[in-house]
Amino acid sequence: MSEPIEIESIARLDIKPGEVLVVRLPQPVTREVAAEIAALLAKKLPAGIETIVTSGDVRLDVVARATP
């Protein structure tokens, strides 16, 4: 008989075409590995979703331009 698997939490990711999925990996990876991860995710995501893969201590922020 197999043991049950404990799951602490399950999160649902809702992403729409035109949005960007940012994947942050805790360990540094090469550009080739990051590109491979992005390509694998692209096969599973809806069309029109861009994927950015970062690793290590990378932080990305977006500042919106003030409208006049």
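Residues numbered from 1 in each chain as written. Predicted model: local features only at pLDDT ≥ 70, side-chain atom pairs only at ≥ 80, totals over all residues. Heavy atoms only, no water.

K.L.:
Lay out the overall build of the protein chain with the relevant residues and their values.
P.N.:
Along its length, the protein chain carries one helix and two strands. When the helices and strands of the protein chain are read in sequence order from the N terminus, they spell out β-α-β. Looking at the protein chain as a whole, 16% of its 68 residues qualify as buried. For the protein chain, the proportion of contacts with a sequence separation of at least 24, taken over those separated by at least 6, is 74%. About 6600 Å² of surface is accessible on the protein chain, with carbon and sulfur atoms providing 56% of the total. (Helix = DSSP H or I, 4+ residues; strand = E, 2+ residues; numbered from the N terminus. Buried < 20%, exposed > 50% of the residue type's maximum accessible area, 1.4 Å probe, protein only. Contact = heavy atoms within 4.5 Å. Areas by Shrake-Rupley, 256 points an atom, 1.4 Å probe, with all protein chains shown as cover.)

K.L.:
If you had to explain the pattern of salt bridges to someone new, which residues and values would you point to?
P.N.:
A complete count under the given rule lists one salt bridge for this structure. With its nearest N and O atoms 3.2 Å apart, the salt bridge here joins Lys-16 to Asp-14. Its relative accessible area of 43% is what places Lys-16 among the partly exposed residues. The exposure class of Asp-14 is exposed, given its relative accessible area of 56%. (Salt bridge = Lys/Arg side-chain N within 4 Å of Asp/Glu carboxyl O.)

K.L.:
Can you tell me about the environment of Val-23, naming the residues and giving the values?
P.N.:
For Val-23, the location among the structural elements is in strand E1 (residues 20-25). For the pair Val-23 and Val-53, spaced 30 residues apart in sequence, the C-alpha to C-alpha distance is 4.7 Å. In this structure, Val-23 is in contact with Leu-41, Thr-51, Ile-52, Val-53 and Thr-54, ignoring residues within four places of it in sequence.

K.L.:
Would you mind going over the nonpolar core in detail, with residue names and values included?
P.N.:
Nonpolar side chains in soluble globular proteins generally cluster together in the buried interior. Of all hydrophobic cores here, the largest spans eight residues; its members are Ile-15, Leu-21, Val-23, Ala-34, Ala-38, Leu-45, Ile-49 and Val-53. Looking at this core, the elements that each hand over two or more residues are E1 and helix H1 (31-44). Not counting the four nearest positions on each side in its chain, Ala-34 is found in contact with Val-29 and Val-53. (Core = buried A, V, L, I, M, F, W, Y, C linked by side-chain atoms within 4.5 Å.)

K.L.:
Can you explain the side chain of Ser-55? Please cite residues and give values.
P.N.:
Mapped onto the elements, Ser-55 comes out in strand E2 (residues 50-55). Discounting chain neighbours no more than four positions away, the residues touching Ser-55 are Leu-25, Gln-27, Pro-28 and Val-29.

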